[in-house]
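Fold and contact review
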Amino acid sequence: MKNPSSFTFTMIRCGVIMFILAALISCKDSQTGDGQPPDQQARSWDEERAQREQQQTTYIKDTTVKRIETDGETRESWYSNQLGYEWFKAYPLAFNGVPYVLLRAIIEVYPEIWKGEGSLGNLGFGPHPDDYDPESGKLLPPEQRHPLPYGFFTVPDTDVPEDDRTDNVFFSCSACHTGRVYVKDRVRHFIGASNSEIDAQAYAGLLYQTGKKLIKVDSPDPSKIKVDSDEVAKIAAFLRNKVEADPAWFYGGKTPEQRSANAERARIQVERILSHMEDAAKILIGSAKKTELMYLALASKLMYTDKDGQKAPGVFGPRPGRMDAFGIAAGLVALHTKRDSFFARLPDDHPFFADLENLPREERIKQAGERLFKTAAEWMPHDPGASDIKSLWFSRDHGFANWDSNQAPEARVLASGVSSVGDPSKVNVRIHEAMNPFINDLPPAPYPFTVDLDLAGKGKPLFEQQCASACHFSQNKKVYNVGTDMNRAIQITPTARLGLLELTREACELYVGKGGSDWCLPKRGSRAADDEAYFITPRGEESGYKADVLHGTWALAPYLHNGSVPTLWHLFRPAERPIKFIRGNIRYDEEKVGFIWDKAPALDEYGPGDAVHFAEHDTTLRGNSNAGHIYGSEWTDDQVRAVIEYMKTL
């Protein structure tokens with residue numbers, strides 16, 4: 001098999017802009033954290049809230065170095081909660097994102113793509129917490145803010161020669177798992193909450209449009225693609241003119257000293273891009289071609305199609321706070337069938353080599369790849385299955401990961417990173433090791449509004465009897481079919497599962513091969529057992545969704561695994577569930593408990609210049625059903641109000 005062209009390499013190396021870390025909220029869970037239930041509290045909710053807020057602050061600032069499960073018996077301890085939080089917050093999942101100065105340039109050069117509905121702020125990527133004045137709560141002047149929104153950070157690719165390294169932009173864990181809520185006339189960030197605004201797969205769409213702009217002659221054969229030199233020249237001219245006129249624009253800085261240092265940094269970075277301008281263009285083109293295969297050639301034609309008179313959602317969204325992580329990510333397997341090294345590391349008895357055992361190794365690898373690619377329409381998912389992003393609080397209580405319990409705890413963080421990045425060789429495996437211990441004991445953020453503790457005390461017994469003890473308890477490993485939309489639970493086929501887990505295993509093995517810790521190997525005694533840790537075999541007719549402990553339930557709206565029920569009131573009152581509602585508003589409905597759902601936010605809703613991203617959520621579309629989970633519908637209105645009041649305290 002011939003070596004792939006540089007375009008094919010770039011397609012594989014460009015990160016897949018989507019995330020796997022997703023969330024579940026079905027019935028309602030009990031709390032197994034340290035806070036006492038309301039009927040045992042002598043203090044007010046303001047006092048209780050202050051104590052819990054301090055508990056989380058103390059946790060993330062704890063510098064105590066402690067032994068964690070993956071350290072083994074001989075390894076020197078290195079982990080602290082403070083380190084885990086820093087890596088969670090500011091360390092990108094990948095080394096191969098878009099070069100920072102290039103990203104800033106294309107946003108300006110192609111306003112028809114990136115501005116307005118396509119700006120980063122309007123994709124749910126909001127300002128950093130320290131971009132706000134601590135006294136007024138208003139945004140600082142633009143030159144004093146971070147030039148990229150919260151959740152976007154830069155890292156160099158250490159495989160590149162040092163003098164050629166660029167600051168590459170990619171997501172950190174905080175992009176999806178830090179939620180914003182408008183509280184008392186200011187935006188607050190909640191660490192570990194799901195980001196109800198982010199539209200990560202729409203970001204992939206913007207990069208796709210940009211990459212296509214740079215193609216003069218397109219072709220399915222990467223070697224025949226011709227770059228549009230005029231478009232590349234436009235980007236180069238912008239970079240050259242901007243760095244000469246205002247080098248501090250690229251990185252900014254809050255002080256004159258910071259802006260001066262960052263101006264010099266910008267000059268170096270721009271020069272490195274300009275000296276390899278065509279290679280920089282190929283990064284964007286490669287990303288576009290990869291997205292074209294995964295989203296348009298596969299997902300759009302197999303999953304995101306109308307069926308039996310029911311319309312499908314758009315493959316790129318909009319879907320603030322949601323993503324079809326596993327479904328679209330299955331296209332990664334098709335992408336990597338073009339790479340011999342993906343198959344070369346598999347054992348001879350691997351299922352991908354079935355009926356090819358008698359062929360020479362090289363021919364077996366070639367035919368396995370060709371067969372897997374040609375049959376993609378058979379093993380790719382055929383149903384859209386977007387789901388809500390999950391919160392991460394007290395993850396120790398979760399027996400399995402993800403809405404449909406399809407991964408073991410030891411595999412969840414790395415599998416998420418691999419699916420987000422797309423290229424196993426470019427995953428930042430090191431930082432993922434700190435994520436499990438960090439989220440396992442991360443305390444939930446308390447409800448930031450008023451709680452009637454007397455009413456909550458009345459709701460507690462009913463909740464504990466009919467919700468907590470019934471299904472929402474710690475380490476419950478069962479999955480349930482409670483009549484909710486089943487697309488997410490059934491969309492992954494055995495072949496797609498096998499391909500995705502092998503990509504995760506490859507990322508780990510490459511890391512270990514470079515001298516890294518083997519923390520990412522499940523070590524369950526056999527390859528087959530390790531496979532089950534990486535990705536559990538699809539359950540077929542026994543598929544369903546797990547019932548987690550609902551730590552911080554108030555922040556997990558909208559509800560159900562697919563986020564199709566706007567508030568807790570609607571969850572317990574199925575007949576009142578709206579067919580369409582607004583997702584992405586971060587103002588809060590304190591009465592029904594959930595985000596404001598019946599009104600779109602204004603463009604300056606949270607203050608001048610702040611990010612606003614919302615979309616209408618249509619529950620009639622495929623994968624968006626708001627049916628099922630009717631528990632509590634038999635309760636009186638007063639009982640529902642009492643239970644909801646108690647759930648605010650979880």
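Residues numbered from 1 in each chain as written. Predicted model: local features only at pLDDT ≥ 70, side-chain atom pairs only at ≥ 80, totals over all residues. Heavy atoms only, no water.

Scanning the model with the defined rule gives one disulfide in all. Disulfide pairing is shown between cysteine 508 and cysteine 520; the S-S distance is 2.0 Å. Taking the sign of the S-S torsion, about 85 degrees here, the bridge from cysteine 508 to cysteine 520 comes out right-handed. One end of the pair, cysteine 508, is in helix H22 (residues 494-513); the other, cysteine 520, is in the loop between H22 and helix H23 (527-534), with twelve residues separating them in the sequence. In terms of burial, cysteine 508 and cysteine 520 fall into one category: buried. Cysteine 173 takes part in no disulfide bond, and the closest cysteine sulfur to it belongs to cysteine 176, at a distance of 8.8 Å. (Disulfide = S-S within 2.5 Å. Helix = DSSP H or I, 4+ residues; strand = E, 2+ residues; numbered from the N terminus. Buried < 20%, exposed > 50% of the residue type's maximum accessible area, 1.4 Å probe, protein only.)

Our next topic: helix H17 (residues 409-421). Taking burial as the measure, the 13 residues of H17 include eleven buried ones, the bulk of the element. By the burial criterion, the buried members of H17 are Ala411, Arg412, Val413, Leu414, Ala415, Ser416, Gly417, Val418, Ser419, Ser420 and Val421. Just past H17, the residue glycine 422 takes up positive phi, approximately 95 degrees.

What follows is about the nonpolar core. In this structure, Trp114, Tyr203, Ile235 and Phe250 are the most contacted members of the largest nonpolar core, which totals 164 residues. The element best represented in this core is helix H11 (residues 277-302), accounting for twelve residues. Core analysis: the next-biggest nonpolar cluster, separate from the first, contains seven residues, Tyr182, Val187, Ile586 and Val612 among them. (Core = buried A, V, L, I, M, F, W, Y, C linked by side-chain atoms within 4.5 Å.)

The next subject is the side chain of aspartate 404. Mapping aspartate 404 onto the fold places it in the loop between strand E9 (387-388) and H17. At a separation of 3.4 Å, a polar atom in the side chain of aspartate 404 contacts the side chain of arginine 488. Beyond its immediate stretch of four places on either side in the chain, aspartate 404 contacts Val479, Arg488, Ala489, Arg539, Gly544 and Tyr545. (Polar contact = N/O pair within 3.5 Å; in protein donor to acceptor, adjacent residues only side chain to side chain. Contact = heavy atoms within 4.5 Å.)

Direction of pairing for strand E4 (residues 178-183) relative to strand E5 (residues 186-191): antiparallel, over a ladder of six bridges. Paired with arginine 180 across the bridge in E5 is histidine 189. Linking two consecutive strands that pair antiparallel, namely E4 and E5, is a turn of two residues; a positive phi of about 50 degrees is found at lysine 184 within it. (Pairing = 2+ DSSP bridges.)

Let's shift gears to the pattern of salt bridges. Should the charged atoms of two oppositely charged side chains come close, the side chains can pair. Per the stated rule, a full pass over the model turns up 47 salt bridges. Two residues, lysine 66 and aspartate 62, come together in a salt bridge whose shortest N-O distance is 3.9 Å. Of the charged contacts, one joins arginine 361 and aspartate 348 as a salt bridge, the two residues approaching to 2.6 Å between their closest N and O atoms. Within this pair, whereas arginine 361 is found in helix H15 (residues 361-374), its partner aspartate 348 is found in the loop between helix H14 (340-344) and H15, the two being separated by 13 residues in sequence. Through salt bridges with shared partners, one network takes in Arg345, Glu502, Arg505, Glu509, Arg527 and Asp531. (Salt bridge = Lys/Arg side-chain N within 4 Å of Asp/Glu carboxyl O.)

We now examine helix H2 (residues 45-61). Helix length check: H2, at 17 residues, gives a terminal C-alpha distance of 24 Å against a target of 24 Å (1.5 Å per residue), a fit within 8%. In the core, the buried residues of H2 are packed alongside helix H3 (81-90), E5, helix H19 (435-440) and helix H20 (453-468). (Expected span 1.5 Å × (residues − 1).)

This next bit is on the packing of aromatic side chains. Considering all chains together, one arrives at 35 aromatic pairs under this definition. When the centroid spacing of 5.8 Å and the interplanar angle of 25 degrees are considered together, the rings of phenylalanine 125 and phenylalanine 171 count as stacked. Highlighted residues: phenylalanine 125 in the loop between helix H5 (111-114) and strand E2 (152-155) and phenylalanine 171 in strand E3 (residues 168-171), separated in sequence by 46 residues. By relative accessible area, which is 3% here, phenylalanine 125 ends up buried. For phenylalanine 171, a relative accessible area of 1% puts it in the buried group. Ring centres of tyrosine 447 and tyrosine 588 lie 5.9 Å apart, and the angle between their planes is 70 degrees; on these two criteria the pair is classed as edge-to-face. Placement of tyrosine 447 in the loop between H19 and H20 and of tyrosine 588 in strand E13 (residues 588-589) is noted, with a sequence separation of 141 residues between them. (Phe/Tyr/Trp six-rings, centres within 6.5 Å; stacked < 30°, edge-to-face > 60°.)

Taken residue by residue, a regular strand's side chains alternate between the two faces of the sheet. Bridge count for strand E1 (residues 98-99) against E3 is two bridges, and the pairing is antiparallel. Its bridge partner being in E3, proline 99 is matched across the sheet by asparagine 168. Here E2 pairs with E3 via four bridges, running antiparallel. Paired with threonine 154 across the bridge in E3 is valine 169.

A separate point is unusual backbone geometry. Omega for the peptide link from glycine 317 to proline 318 comes to 10 degrees, which places this bond in the cis form. Examined against the element boundaries, proline 318 turns out to sit in the loop between H11 and strand E8 (322-323). Cis geometry marks the peptide bond from alanine 557 to proline 558; its omega dihedral reads -10 degrees. Looking at where proline 558 falls in the secondary structure, it is placed in the loop between strand E11 (545-546) and helix H24 (568-572). A positive phi angle is found at leucine 560, which is not glycine, with a value near 70 degrees. Mapped onto the elements, leucine 560 comes out in the loop between E11 and H24. One non-glycine residue, valine 593, lies in positive phi territory at about 70 degrees. By secondary structure assignment, the location of valine 593 is in the loop between E13 and strand E14 (594-595).

Glancing now at the confidence of the model for the protein. Any segment with low pLDDT has predicted coordinates that should not be analysed in fine detail. Looking at the protein as a whole, the pLDDT averages 91, with 93% of positions reaching at least 70. Predicted confidence is poor over residues 1-40, with pLDDT under 50, and the contacts of this stretch with residues over four places away or in other chains come to 185 contacts. (pLDDT = per-residue confidence, 0-100.)

As a further point, take the sheet that holds E2. Taken together, the three strands give an open sheet; going across it, the order is E1-E3-E2, and neighbouring strands pair in antiparallel fashion. What marks the edges here is a single partner per strand, and that holds for E1 and E2.

The next point concerns the environment of glutamate 271. Mapped onto the fold, glutamate 271 is located in helix H10 (residues 256-274). Judged by its relative accessible area of 47%, glutamate 271 falls in the partly exposed class. Here the alpha-carbon distance between glutamate 271 and valine 243, two residues 28 residues apart in the chain, equals 9.3 Å.

As a packed pair, helix H7 (residues 200-213) and H11 sit with axes 8 Å apart at the nearest point and diverge in direction by 125 degrees. In terms of axis orientation, H7 runs oblique to H11. Two packed elements cross with a definite hand, and for H7 against H11 that hand is left-handed. Mapping the contact onto sequence places Gln201, Ala204, Leu207, Tyr208, Thr210, Gly211 and Lys212 in H7 and Leu284, Ile285, Ser287, Ala288, Thr291, Glu292, Tyr295 and Leu296 in H11. Considered class by class, the residues forming the contact of H7 with H11 number eight nonpolar, five polar and two charged. (Axes fitted to C-alpha atoms, helices over the stretch in contact; angles between N-to-C directions. Parallel < 35°, antiparallel > 145°, perpendicular 65-115°, else oblique. Left-handed = near helix turned anticlockwise from the far one by under 90°. Nonpolar A, V, L, I, M, F, W, Y, C, P; charged D, E, K, R; others polar.)

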